[in-house]
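# Chains, contacts and geometry: an overview
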Amino acid sequence: MILVPLRRAGVVVTAALAVLLALAAPAAAHGADAPDGTDYRAEVTALAPARPGLTVRVVEAGARLELINRTGRDVEVLGYSGEPYLRVGPGGVYENSRSPATYLNRTIAGDTNLSPEADPAATPVWHRVDRGQSVRWHDQRTLWLESSPPAQVSADPERPQRVRDWVVPLRDGDQTVEIRGTLDWVPPPDAYPWWVAATLAFLGIAAAGLAPAGTATGVRALRGVGALLALGGLATVTFTVGRELDAGADGLGGVLLGLVNGQVWTLLTGLGAVAAGGYALARREAADFALALAGACLTIFAGFANVAVLSRSVAPVVWPATAARVLVVLILATGAGALGAGLLRLHAAARPARRPVPAPVPR
């Protein structure tokens with residue numbers, strides 16, 4: 001027979017996860033082309049000739065280029081046939097609907113069907129897409145799009161090596177400016193030690209749920225799990241902010257806007273874990289259930305959602321990839337550990353107390 005508290009907990013956890021998944025879908029679709037990790041590092045090496053007020057950088061772990069134009073005049077990005085593709089200037093950002101790049105660059109794979117009006121030789125037809133003076137776009141010249149690595153990488157995958165040098169041309173008035181950069185293969189790390197660390201830490205945290213709830217040891221265990229869950233929530237917030245910074249957000253306002261637009265559910269998952277950890281530290285009623293629910297959400301939506309960084313050399317954060325792996329291991333361990341500890345405590349609380357067996361009456 002299924003214990004009633006555990007059954008209720010399972011129903012609530014399942015419902016909560018289903019709702020979060022449904023709500024998270026638009027955000028995931030919005031940022032679907034931002035990779036969770038890659039083994040190719042793209043870098044901008046020069047803008048030649050240099051233009052004061054014009055800056056270019058790689059964002060989203062190399063998935064996009066970002067151009068910021070503060071020159072006070074229009075600058076065009078040229079497409080794959082040398083046609084005008086983007087125009088950035090005082091009037092905002094414009095796309096040329098006749099450029100094939102307008103359609104090919106909508107996804108990182110370049111698999112969007114071309115519009116019938118796409119013709120690189122035709123007179124540009126400009127449509128404003130933003131009022132600002134910066135633009136981000138996928139560019140196939142900076143990416144490796146094949147499913148298998150280059151031949152030279154396949155021959156020696158353990159060695160860092162140059163895949164190619166690339167150039168993206170710009171037009172500034174009647175002059176051509178080049179964005180020059182490199183694409184390098186960076187051998188991926190061994191994910192096994194990270195998984196071992198996450199598993200051992202998870203088991204250690206979950207084991208705290210075996211401490212009897214009504215004892216001093218049980219109280220310390222509850223508070224310890226709560227503190228660790230809050231730490232995992234803070235790690236989630238840190239990782240999420242790191243992703244937004246890597247996506248090109250500038251300043252506090254830019255980070256907050258990016259979080260709301262593309263990372264809101266992961267952010268709320270982290271903040272929820274911090275709140276649930278505080279709930280457990282305060283020994284509030286139903287703290288065990290809060291630990292289990294927040295731990296499950298943290299594991300799924302913040303841990304497994306970012307698990308690719310354990311096996312990829314380039315992580316989508318502004319910090320070194322090793323720091324990203326530490327954060328993900330911490331998120332996985334504390335989330336799964338809090339889930340395990342919470343369920344164990346709920347199970348123990350649901351067991352009926354054993355009544356002493358009366359001694360037989362002598363006849």
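Along every chain, residues carry numbers that run from 1 in the direction the sequence is written. In keeping with the model being predicted, local features are shown solely for residues with a pLDDT of at least 70 and side-chain atom pairs are shown and tallied solely at 80 or more, while totals for entire chains, interfaces and linings include all residues. With hydrogens and water stripped out, all remaining heavy atoms of the structure feed into the side-chain values.

### Looking at the overall build of the protein chain
Note the cut-off: Strands are runs of DSSP state E lasting at least two residues, helices are runs of H or I lasting at least four, and both sets are numbered from the N terminus onward. Each residue is assigned to one of three classes by its accessible area relative to the maximum for its type, calculated with a 1.4 Å probe on protein chains only: buried under 20%, partly exposed between the two thresholds, exposed over 50%. Working rule for contacts: check all heavy atoms of both residues, and any pair within 4.5 Å makes them a contact.
A tally of regular secondary structure across the protein chain gives nine helices and ten strands. Residue burial in the protein chain is summarised as follows: out of 363 residues, 46% are buried. Restricting the contact set of the protein chain to residue pairs at least 6 apart, pairs at least 24 apart contribute 68%.

### As for the packing of aromatic side chains
The geometry of an aromatic ring pair is captured by the separation of the ring centres together with the interplanar angle, meaning the angle of the planes. Stated precisely, the cut-off is as follows: Side-chain rings of Phe, Tyr and Trp (the six-membered ring for Trp) are treated as a pair once their centres are within 6.5 Å; stacked means planes under 30 degrees apart, edge-to-face means over 60, and tilted covers the remaining angles. We call a charge positioned above a ring when the Lys NZ or Arg CZ atom is no farther than 6 Å from the ring centre and deviates by at most 35 degrees from the ring normal.
Inspection of the entire model under this criterion finds one aromatic pair. Here the guanidinium or amino end of Arg87 rests over the ring plane of Tyr94, the centre of that ring lying 4.5 Å away. The lysine or arginine in question, Arg87, covers the ring of Trp126, its NZ or CZ lying 4.9 Å from the ring centre.

### Side note on the sheet that holds strand 5 (residues 84-89)
This is how it is decided: Only when DSSP finds a minimum of two bridges between them are two strands counted as paired. Helix axes are fitted only over the stretch in contact, all axes being lines through C-alpha atoms; the angle between N-to-C directions runs from 0 to 180 degrees.
With respect to topology, seven strands assemble into an open sheet ordered 1-10-9-4-5-6-7, the strand pairing being antiparallel. The open sheet has two edge strands, strand 1 (40-48) and strand 7 (126-130), and neither has a second partner. Shown here is a sheet whose adjacent strand axes are inclined to one another by a mean of 30 degrees, direction ignored. Inspection of the sheet shows strand 1 paired to strand 10 (residues 175-185) by eight bridges, in the antiparallel sense. The partner of Leu47 across the bridge, within strand 10, is Ile179.

### Re helix 4 (residues 192-206)
Given 3.6 residues per helical turn, the α-helix brings residues three or four places apart onto the same face. Quick reminder of the rule: A helix's residues, less one, multiplied by 1.5 Å, set its expected span. This arc is taken over the directions from the axis of the helix to the C-beta atoms.
Along its 15 residues, helix 4 runs 21 Å from first to last C-alpha, staying within 8% of the 21 Å computed at 1.5 Å per residue. Restricting attention to buried positions, one finds in helix 4 the residues Trp194, Ala198, Ile205 and Ala206. The buried residues of helix 4 occupy an angular sector of 95 degrees when projected down its axis, which confines them to one face. Across helix 4 from its buried face, at more than 90 degrees, point the exposed residues Tyr192 and Leu200.

### Some words on the pairing of strand 4 (residues 75-78)
Side chains Val75 and Val77 of strand 4 all project onto a buried face; the interleaved residues Glu76 and Leu78 project onto the opposite face, where all are buried too. Of the strand pairs in this sheet, strand 4 and strand 5 are connected by four bridges, and their pairing is antiparallel. Bridge assignment links Val77 to a residue of strand 5, and that residue is Leu86. In textbook terms, the turn of a hairpin is the stretch between consecutive antiparallel strands, and for strand 4 and strand 5 this stretch comprises five residues, one of which, Gly82, has a positive phi near 80 degrees. Looking at chain direction, strand 4 and strand 9 (residues 161-172) are connected through three bridges and run antiparallel.

### Brief notes about the pairing of strand 8 (residues 134-137)
Because side chains alternate across strand 8, one face comprises the buried residues Val135 and Trp137, and the other comprises Ser134 and Arg136, none of which is buried. Here strand 3 (residues 64-69) pairs with strand 8 via four bridges, running antiparallel. Opposite Leu67, over in strand 8, you have Val135 as the bridge partner.

### Notes on the sheet that holds strand 2 (residues 54-59)
Spatially, 2-3-8 is the arrangement adopted by the three strands of the open sheet, whose pairing is antiparallel. At either margin of the open sheet sits one strand with a lone partner, and together these are strand 2 and strand 8. Recorded for the sheet is a direction-independent mean angle of 15 degrees between the axes of neighbouring strands.

### Here's the deal with unusual backbone geometry
Here the bond from Ala48 into Pro49 is cis, since omega is -10 degrees, no more than 30 degrees from zero. Positionally, Pro49 belongs in the loop between strand 1 and strand 2. The backbone of Ala61 shows a phi angle near 55 degrees, a positive value even though the residue is not glycine. One can find Ala61 in the loop between strand 2 and strand 3. The backbone of Ala286 sits at a positive phi, close to 65 degrees, despite the residue not being glycine. Classification of Ala286 by relative accessible area gives partly exposed; the value is 45%.

### Structural notes on the environment of Gln140
The residue Gln140 is located in the loop between strand 8 and helix 3 (151-155) in this model. Since its relative accessible area comes to 25%, Gln140 is described here as partly exposed. Separated by 26 residues in the primary sequence, Gln140 and Trp166 have C-alpha atoms spaced 9.9 Å apart.

### As for the side chain of Ser313
For clarity, the threshold we go by: Whenever two N or O atoms come within 3.5 Å, that pair is a polar contact, provided that in protein one can donate a hydrogen and the other can accept it, and provided that, for residues adjacent in sequence, both atoms are side-chain atoms.
As for its placement among the helices and strands, Ser313 is situated in the loop between helix 8 (287-303) and helix 9 (321-350). Among the polar contacts listed, one links the side chain of Ser313 to the backbone oxygen of Val186, at a separation of 2.8 Å.

### A look at the pattern of salt bridges
The cut-off we apply is this: Salt bridge, as used here, is a side-chain nitrogen of Lys or Arg placed within 4 Å of a carboxyl oxygen of Asp or Glu.
For the structure on display, the rule yields 16 salt bridges. When the shortest N-O distance is used, the salt bridge between Asp288 and Arg345 registers 2.6 Å. With Asp288 in helix 8 and Arg345 in helix 9, this pair connects stretches of sequence that are 57 residues apart. Taking the relative accessible area as the measure of exposure, Asp288 reaches 16% and is therefore buried. When salt bridges that share partners are traced, they join Arg51, Arg73 and Asp172 into one network.

### Regarding the nonpolar core
Most often, soluble globular proteins keep nonpolar side chains buried together rather than apart. How we decide: Remark: nonpolar core denotes a set of buried residues (Ala, Val, Leu, Ile, Met, Phe, Trp, Tyr, Cys) joined through side-chain atoms within 4.5 Å.
Grouped together as the largest cluster of nonpolar side chains are 31 residues, with contacts concentrated most on Leu229, Phe239 and Leu310. Excluding anything up to four places from it in sequence, Leu310 contacts Pro189, Ala191, Trp194, Trp195, Arg325, Val328, Val329 and Leu332. If you look at the next biggest cluster of nonpolar residues, it comprises 25 residues, including Tyr85, Val88, Val135 and Trp137.

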